[in-house]
Amino acid sequence: MTYNFDWSVLWRGQSGLWLLQGLVTTIEISVVAWVVAFTLGIFSGAVRTVSITPLRWLASFYVEFFRNVPLLVWMFFWYFAVPPLLPQPLQDWLFDHGAEFWAGVVALGVYHGARFSEVMRSGIQSIPKTLFEAAVSTGLTMAQAYRLIIIPIALRLIIPPATNESLNLIKNSSVALTIGVAELTFQTRQIETYTAKAFEALTAGTLIYLVLCLAIATTMSQLEKRFAIPGMITKRQTGEF
Amino acid sequence: MIEFRDVDKWFGSLHVLKRINLKVSGGEVVVVCGPSGSGKSTLIRCVNRLESIQSGEIIVDGQSLLDPKFDPSKLRTDVGMVFQSFNLYPHMTVLQNITLAPTKVKGLAAGEAEKVAKELLDRVGIPDKAGVYPANLSGGQQQRVAIARALAMKPKIMLFDEPTSALDPEMINEVLEVMTDLAHDGMTMVVVTHEMGFARRVAHRVVFMDEGQIIEEGKPETFFGAPQSPRAQQFLGKILSH
Amino acid sequence: MIEFRDVDKWFGSLHVLKRINLKVSGGEVVVVCGPSGSGKSTLIRCVNRLESIQSGEIIVDGQSLLDPKFDPSKLRTDVGMVFQSFNLYPHMTVLQNITLAPTKVKGLAAGEAEKVAKELLDRVGIPDKAGVYPANLSGGQQQRVAIARALAMKPKIMLFDEPTSALDPEMINEVLEVMTDLAHDGMTMVVVTHEMGFARRVAHRVVFMDEGQIIEEGKPETFFGAPQSPRAQQFLGKILSH
Amino acid sequence: RAETTLEKISQTGIFTIGTRTGSPPFAYVNKNNEWVGFSIDLVETSILPLISKKLNKQIKLEKKESAPNTRIPLLTSNAVDLIAETMSDTQSRREQVDFSLTFFATGAQFLVKRGTPIKGIQTIAGKRIAAQQGSTNAKIIRERVPTAKLLEFPDQPAAFQALAQGQVQAYTNDGIQLAGLKAKAPKPDEWAIVGEFFSYEPYGMAMRKNDSDFRQVVNVGLMEAIESGKYFELYEKWFGPKGEVPYPLAPETKRFLQMQVVPK
Amino acid sequence: MDFAVVINNVGFLIFQGFLGLGNFTGGTLRLAVPAIIFGFILGIFIGMGRLARSRWIYLPATLYVEFFRGVPLVMVIFWFWFIIPVVVGKSLPEYSVALAAFVIFEAAYFGEIVRAGIQSVPRGQAEAATATGLTRAQTMRHVILPQALRNMIPSLVTQCIVLLKDTSLASIIGYVDLTKAAQIVNNREIRPFELYLFIAVIYWLCSYGMSRYARHIERRLAVNPA
Ligand SMILES: Nc1ncnc2c1ncn2[C@@H]1O[C@H](COP(=O)(O)OP(=O)(O)OP(=O)(O)O)[C@@H](O)[C@H]1O
Ligand SMILES: Nc1ncnc2c1ncn2[C@@H]1O[C@H](COP(=O)(O)OP(=O)(O)OP(=O)(O)O)[C@@H](O)[C@H]1O
Ligand SMILES: [Mg+2]
Ligand SMILES: [Mg+2]
């Protein structure tokens with residue numbers, strides 16, 4: 001191979017700073033989008049399990065509409081198609097204040113909200129219906145039963161799939177580079193163009209993602225243990241089947 | 001206290017309750033029995049409106065459930081229910097299980113609700129389990145907590161849907177004892193059960209259902225001693241012989 | 001036929017079987033009873049090596065399970081097992097449930113296996129259910145299919161782990177009848193059950209366990225009439241009173 | 001000893017270039033779904049025949065897509081033999097790959113809506129400027145006008161869209177690319193290309209390092225094309241008044257191209 | 001809005017981009033379908049490996065899953081495209097590289113789905129089969145997997161939809177899928193809205209169609225558990 005590796009490009013010049021900036025932006029956009037996605041997901045996922053038909057339709061429509069179209073398309077939609085509908089002063093203000101970041105947040109948040117919704121729905125549906133009935137039988141209203149019993153239990157049950165989904169969100173945040181958000185993948189490309197060292201830059205990017213995701217996965221499995229409902233099998237079992 | 005008037009209920013095309021007429025007076029203990037699928041659970045679930053009916057009328061504590069002003073949440077504080085599968089809230093301690101509804105529905109202060117809960121735990125015989133999670137209790141203990149939870153709302157009526165059939169045989173008695181005490185204290189109770197010993201000792205009346213209809217009802221002595229309908233004879237034959 | 005010699009078993013730090021010594025001869029019917037968690041299930045699951053033991057020896061049909069040449073698959077064709085929760089394969093018809101093992105393990109031809117299966121369905125009293133899926137059967141019917149499935153391997157020994165405790169009361173009898181027939185045909189059987197009527201009528205011997213130990217064993221008349229240990233007395237008091 | 005590029009081509013009978021699908025008119029996919037462009041024509045008419053002649057056999061041309069972040073790895077992993085698109089020759093790139101002589105020279109400018117106050121790099125302070133991700137233009141703006149708000153997009157249409165909708169006030173790229181964009185726009189008159197070249201972008205063809213025989217073939221091919229006038233025919237075809245992107249050849253550029261041709 | 005650009009290029013978008021019939025290596029379906037099939041088959045082994053008793057099997061399987069779930073797919077494709085040629089000494093066609101990268105990457109996700117599916121089958125099923133003398137492999141094949149498969153359908157479909165859309169990431173190595181095809185046309189015509197709207201509709205139809213069909217199958221299996 002004629003390629004000569006030169007790992008020093010990663011700390012010479014500004015590369016290190018760029019990677020750090022990229023990481024910070026990735027974390028920022030992911031965290032804000034995650035809050036949006038999680039809120040939307042929990043709410044719409046819960047609504048999809050109740051017997052109030054119009055609400056359920058609305059939530060189902062939301063999920064089917066958003067999760068079946070590629071994220072890239074949503075990025076363009078929120079960045080290019082939506083702002084022109086706003087009044088001109090607001091547009092200018094937005095464009096001066098990181099419109100691409102917020103468009104990315106909305107795109108990621110709404111798209112992953114639809115996917116969190118599915119996770120939440122299956123979590124709630126795995127709780128026996130009679131538990132809900134028992135709550136209602138003591139006089140709790142439906143809303144109280146959901147808020148106090150069903151959702152707290154479902155939240156604990158969905159930690160593993162929700163972790164998965166959260167990791168997907170982080171990785172998908174790289175799609176925001178298509179609308180100019182300078183996140184981690186963007187910065188690795190930047191290093192590559194400045195140093196022409198593609199392998200080194202990509203390796204650095206890969207490793208940072210890997211470490212970030214593993215850190216989150218580990219934290220979440222600690223969380224899972226901490227909030228485990230006594231008597232339920234939550235820890236990964238290694239057994240015969 | 002409870003009155004069914006010509007009640008009909010369908011699940012889709014399945015006719016599960018057929019022209020039910022039944023009256024339970026205050027302080028009365030009624031045992032409902034019958035083969036699986038005969039509609040016993042559905043019957044009592046109609047009383048606290050877990051199921052709605054398609055025709056007829058149900059009157060609980062003087063109020064018709066069809067009344068437009070009727071409030072299901074209010075009804076349910078007056079009617080306690082205990083399920084076959086306990087249905088304790090797994091993420092809460094025993095104490096929290098019991099105090100949840102009193103504080104959230106009745107607005108009782110936390111301290112007050114805990115006092116009541118502790119008294120009830122005493123009454124069902126497990127005063128020392130307040131801080132424990134349901135998963136760490138035996139089935140019999142769980143069911144007693146479920147009874148305490150229902151009683152915490154100070155209901156006028158208690159419904160039991162096969163409260164002992166998910167229990168190991170040695171634990172059945174401890175639950176039946178609590179229920180017997182409750183009956184002797186004058187609680188109005190409707191109990192779906194196959195525990196014929198309990199029915200004999202405690203019930204004022206036994207109702208036998210089959211295929212959505214009430215086939216026979218009467219005092220326990222008469223029903224167990226000389227069942228009238230061939231259906232009831234056959235049923236009793238099966239469950240008493242082994 | 002089956003012999004336990006000083007068997008000890010732990011689950012982690014939990015000592016679930018303590019120095020078990022037990023002998024079951026060919027054609028004998030042994031009923032095992034005792035409180036929940038006492039190790040009854042574990043005991044019989046050791047016989048077909050669903051659980052392995054940490055010390056002692058188990059000899060089945062003349063062969064030690066510790067023998068290095070020992071083949072668990074061969075053992076399991078000689079020992080049939082029936083579970084509390086039926087465990088029928090939900091994605092297969094009744095017939096397929098029964099013929100799976102004979103064709104796959106014994107290499108029986110499909111036609112031959114079906115013939116045997118039909119005979120067995122006849123014997124357990126549901127000849128007309130061959131093409132039905134388990135979900136469409138009542139619990140009693142499912143358990144009878146499970147028995148037929150175990151019998152299809154022509155076992156020399158049958159193990160039953162609370163075969164009737166997941167059943168509605170009216171269905172218990174139909175299963176017990178099949179088991180009684182089997183016992184009368186001379187099958188060697190070990191049955192964990194709380195059905196004392198069955199034990200009285202069919203068992204040659206009753207074994208009472210508590211906390212991983214065999215506390216008492218004897219003929220049913222002696223055991224039920226005059227249990228020796230306070231434990232057994234208390235246990236029988238609880239389960240027979242209601 | 002590693003196989004030389006000419007040996008590899010001779011052995012496989014295939015000459016593989018890395019080029020782009022979205023850089024009209026240098027390399028793109030036309031309405032008939034053919035992969036064409038000025039850079040591709042140059043290779044096909046001037047370099048490919050020379051290789052065939054030199055190796056004494058008919059060589060087939062194969063095209064693979066290259067992008068800014070894949071073109072150097074494409075070369076080093078032997079997936080392609082030559083990068084022929086719109087790659088600027090720079091010193092840091094020369095540490096990784098070798099370049100042919102310059103076959104096109106341009107520089108960075110700005111595309112703006114007609115009437116915008118932006119007149120060049122001196123007037124962009126505090127303005128929102130779009131650039132293509134990782135381009136040299138972005139780098140220069142960042143260094144020379146740190147107060148400009150730079151937004152980088154991965155491709156031209158996205159950047160242009162941002163300009164058209166007011167997300168940014170100007171889009172900077174190589175002048176020739178801006179000319180192409182303007183020509184394609186629904187209303188070309190609405191747009192203006194402003195400012196002096198504030199960078200120098202000499203396009204070269206890149207190849208694996210230290211393979212002077214092959215570089216010789218490529219360079220000779222280009223020199224012959226310039227000398228014979230073939231180059232200017234192709235220029236007329238793509239950049240002439242009737243071409244894809246009308247972009248008259250400046251006399252000094254023409255002179256510069258001719259001066260690269262060394263005597264035989 | 002001017003949808004003439006879509007009409008003029010619909011052939012390129014559908015045949016080249018979506019199906020992969022044309023001058024360019026590409027096709028969303030041509031990549032997604034085999035990637036799903038082989039990824040799932042590999043995923044079955046990985047999922048079973050995760051549940052194996054021997055640590056020599058479950059540790060590597062777990063490592064595999066955790067690694068690929070922590071790395072963006074683009075990076076995996078990139079590494080396959082540029083590292084494999086260096087290792088094997090010659091470059092591979094884009095299609096094989098893309099397919100290999102997808103199969104290996106997606107197998108990690110399919111593996112997790114398979115594991116969850118297997119764990120959702122009650123333990124008693126395995127015990128019952130073992131008790132009649134079936135070997136572990138026979139139990140897996142005849143009793144556990146058929147039931148696990150049914151429980152997996154919803155998450156499998158979700159993953160297939162994800163994969164279908166992810167094929168656009170193969171464009172990094174010049175693979176012309178539907179999204180890339182739209183980009184190519186867009187670079188020439190500069191009509192992003194019309195083009196992206198069109199492909200969004202196509203993706204939506206596929207995804208929605210798949211989830212509908214899956215729900216249909218689920219319901220049918222629920223009624224008649226075959
Ligand atoms: N939610 C439901 N939807 C459709 N059918 C139902 C529903 N709940 C009950 N059924 C059907 O209604 C009939 C009566 O059910 P119910 O549960 O009241 O019987 P039961 O007498 O309580 O039987 P068991 O002893 O098995 O509890 C049964 O055929 C049952 O399958
Ligand atoms: N796989 C296991 N891992 C750990 N502990 C177990 C396991 N299986 C059983 N135990 C424990 O071993 C003890 C004996 O269990 P076993 O199931 O044999 O009791 P049992 O007498 O059959 O009770 P039951 O009547 O409830 O079925 C119990 O304390 C149980 O919690
Ligand atoms: Mg019932
Ligand atoms: Mg047991």
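Up top is the structure these notes are about.
Within any chain, residue numbers begin from 1 and follow the written order of that chain's sequence. All chains are assigned letters beginning with A, and all ligands numbers beginning with 1, in the order in which they are written. Given that the model is predicted, a residue must reach a pLDDT of at least 70 before its local features are reported, and side-chain atom pairs must reach 80 or more before they are shown or counted; all residues, however, enter totals for whole chains, interfaces and linings. Side-chain measures here rest on the full set of heavy atoms in the structure, leaving out hydrogens and waters.

Novice: Tell me what's going on with the overall build of chain D, and back it up with residues and numbers.
Specialist: Numbering of helices and strands runs from the N terminus, with a helix taken as a DSSP run of H or I at least four residues long and a strand as a DSSP run of E at least two residues long. Helix and strand counts for chain D come out as 10 helices and 15 strands. The C-alpha atoms of chain D give a radius of gyration of 19 Å, which matches the 18 Å a tight globule of 264 residues would have. Along the three orthogonal principal directions, the C-alpha set of chain D runs to about 60 × 40 × 40 Å. Summary of the burial criterion: residues with accessible area below 20% of their type's maximum are buried, those above 50% are exposed, and those between are partly exposed, where the area comes from a 1.4 Å probe applied to protein chains only. Across the 264 residues of chain D, 63% fall into the buried class. Should any heavy atoms of two residues lie within 4.5 Å, those residues are considered in contact. Across chain D, every contact between residues at least 6 apart in sequence was considered, and the portion connecting residues at least 24 apart equals 70%. Two residue types count as positive, namely Lys and Arg, and two as negative, namely Asp and Glu; His and chain ends fall outside the count. A single reference atom marks each charge: NZ on Lys, CZ on Arg, CG on Asp, CD on Glu. For chain D, the centre of its 34 positive side-chain charges and the centre of its 28 negative side-chain charges are spaced 4 Å apart. A radius of gyration in this sense is built from C-alpha atoms; the matching globule rule multiplies 2.2 Å by the number of residues raised to 0.38.

Novice: Can you lay out the site of ligand 2 for me, pointing to particular residues and giving the numbers?
Specialist: All names here are of chain C. Around ligand 2, the surrounding shell consists of Phe11, Leu14, Val16, Pro35, Ser36, Gly37, Ser38, Gly39, Lys40, Ser41, Thr42 and Glu162. Any pair of nitrogen or oxygen atoms within 3.5 Å is treated as a polar contact; in protein, a donor-acceptor pairing is required on top of that, and neighbouring residues in sequence qualify only through side-chain atoms on both sides. Contact between ligand 2 and Ser38: an oxygen atom at 3.1 Å from a main-chain N or O atom of the residue. Between an oxygen atom of ligand 2 and a main-chain N or O atom of Gly39, the distance comes to 2.9 Å. Accessibility throughout is a Shrake-Rupley quantity obtained with a 1.4 Å probe, and a residue counts as covered only by protein chains that appear here. For ligand 2, whose unbound accessible area comes to 630 Å², protein coverage reaches 60%. For the shell around ligand 2, the element with the highest residue contribution is helix 1 (residues 40–47), accounting for three residues. As a working rule, the residues Ala, Val, Leu, Ile, Met, Phe, Trp, Tyr, Cys and Pro are called nonpolar, Asp, Glu, Lys and Arg charged, and the rest polar, with Gly in that last group. Grouping the constituent residues of the shell around ligand 2 by class yields four nonpolar, six polar and two charged. To be near a molecule or strand, a residue needs just one of its heavy atoms within 4 Å of it.

Novice: So, the interface of chain B and chain A: which residues are in play, and what are the values?
Specialist: In many reports, interface size means the accessible area that the parts give up when they come together. Every contact between the two is made by 24 residues of chain B and, on the other side, 21 residues of chain A. Summed over both partners, the accessible area (1.4 Å probe) lost when two parts come together is defined as the buried area. Buried surface at the junction of chain B and chain A, both sides included, amounts to about 1900 Å², of which 67% is carbon and sulfur. Sorting the residues of chain B by area buried against chain A places Tyr89(B), Pro90(B) and His91(B) first, and these three jointly supply 30% of that buried surface. The salt bridge involving Glu133(A) is made with Arg45(B); its shortest N-O contact spans 2.6 Å. Put simply, chain B and chain A have six residue pairs in polar contact (both at pLDDT 80 or more) between them. In terms of residue class, the side of chain B that touches chain A is built from 14 nonpolar, six polar and four charged. Take a side-chain nitrogen of Lys or Arg and a carboxyl oxygen of Asp or Glu: if they are within 4 Å of each other, that pair is a salt bridge.

Novice: Could you give me a rundown of a nonpolar patch on the surface, with the residues and numbers involved?
Specialist: All names here are of chain E. Two distance rules govern patches: like charges are joined within 9 Å, and nonpolar side chains (Val, Leu, Ile, Met, Phe, Trp, Tyr) within 5 Å, applied only to residues with over 30% relative accessible area and no salt bridge. Side chains of Phe3, Ile7, Leu197, Val201 and Leu205 sit close together on the surface and give an oily, nonpolar patch of about 480 Å² of accessible area. Looking at the nonpolar patch, the element that brings in the most residues is helix 9 (residues 192–223), giving three residues. Residue placement: Leu205 occurs in helix 9. Classification of Leu205 as exposed rests on a relative accessible area of 53%.

Novice: Explain the site of ligand 1 to me, using residue names and the numbers behind them.
Specialist: Residues and elements named next belong to chain B. Lining the immediate surroundings of ligand 1 are Phe11, Leu14, Val16, Pro35, Ser36, Gly37, Ser38, Gly39, Lys40, Ser41, Thr42 and Glu162. A distance of 2.7 Å is found between an oxygen atom of ligand 1 and a side-chain nitrogen or oxygen belonging to Ser36. Contacts to ligand 1 include Gly39, whose backbone N or O atom sits 2.9 Å from an oxygen atom. Protein contact buries 60% of the 630 Å² of open area that ligand 1 shows by itself.

Novice: Give a detailed account of the interface of chain E and chain A, specifying residues and quantitative values.
Specialist: In this complex, chain E contributes 44 residues to the contact, which on the side of chain A involves 33 residues. Here chain E meets chain A over a buried area of about 3700 Å², counting both sides, of which 64% is carbon and sulfur. Across the contact surface, chain E and chain A share one salt bridge. The partner of Glu64(A) in a salt bridge is Arg215(E), with the nearest N and O atoms 3.1 Å apart. Scanning the region where chain E abuts chain A turns up eight residue pairs in polar contact (both at pLDDT 80 or more). The set of elements that each furnish at least two residues to the side of chain E that touches chain A consists of helix 3 (55–70), helix 4 (73–88), helix 5 (94–119), helix 6 (123–131), helix 7 (136–166), helix 8 (178–189) and helix 9 of chain E. Sort the elements by how many residues they give to the side of chain E that touches chain A and helix 9 of chain E lands first, with nine residues.

Novice: Please provide a residue-by-residue account of unusual backbone geometry, values included.
Specialist: Of note, the amide linkage connecting Pro24(D) to Pro25(D) takes the cis form, showing an omega dihedral of 0°. Inspection of the secondary structure assignment puts Pro25(D) in the loop between strand 2 (22–23) and strand 3 (27–29). Positive phi values are uncommon outside glycine, yet Lys154(B) reaches one of about 50°. Tracing the chain through its elements places Lys154(B) in the loop between helix 5 (139–151) and strand 7 (157–161).

Novice: Account for the packing of aromatic side chains, with residues named and values stated.
Specialist: When two rings of Phe, Tyr or Trp (its six-membered ring) have centres within 6.5 Å they constitute a pair, described as stacked for plane angles under 30 degrees, edge-to-face for angles over 60, and tilted for the intermediate range. Counted under the stated rule, the structure contains 52 aromatic pairs over all chains. With 5.2 Å between their ring centres and 85° between their planes, Phe67(E) and Phe68(E) make a pair best called edge-to-face. Taken together, the aromatic side chains of Phe26(D), Phe38(D), Phe103(D), Phe104(D), Tyr203(D), Tyr231(D), Phe232(D), Tyr235(D) and Phe239(D) make up a single cluster linked through ring pairs. Note on criteria: charge over ring means Lys NZ or Arg CZ within 6 Å of the ring centre, with the direction from the centre no more than 35 degrees off the ring normal. Over the ring of Phe11(B) we find Lys9(B), and its NZ or CZ is 4.6 Å from the ring centre. Between the NZ or CZ atom of Arg149(B) and the centre of the ring of Tyr89(B), over which it lies, the distance is 4.5 Å.

Novice: Residues and numbers for the sheet that holds strand 5 (residues 63–64) of chain C, please.
Specialist: All names here are of chain C. As summarised here, the arrangement of the four strands in space is 2-1-4-5, forming an open sheet in which the pairing is antiparallel. The open sheet is flanked by strand 2 (14–24) and strand 5, the only strands paired with a single partner. Two elements, strand 1 (residues 2–11) and strand 2, share seven bridges in a ladder whose sense is antiparallel. Across the sheet, the residue bridging to Ile2 is Val24, located in strand 2. Axis geometry follows a simple rule: fit a line to the C-alpha atoms, using only the stretch in contact for helices, then measure angles between N-to-C directions, giving values from 0 to 180 degrees. In this fold helix 1 packs onto strand 1, strand 2 and strand 4 (55–60), with an angle of close to 120° to the strand it touches most, strand 1. Here the rule is simple: two strands pair whenever DSSP picks up at least two bridges between them.

Novice: Explain the environment of Lys23(B) residue by residue, including any values.
Specialist: All names here are of chain B. Locating Lys23 in the fold gives a position in strand 2 (residues 14–24). Overall, Lys23 belongs to the exposed group, its relative accessible area being 55%. Counting along the chain gives 37 residues from Lys23 to Val60, while the straight-line C-alpha distance between them is 10.0 Å. Filtering out sequence-adjacent residues up to four positions away, Lys23 remains in contact with Ile2, Glu3, Glu28 and Arg205.

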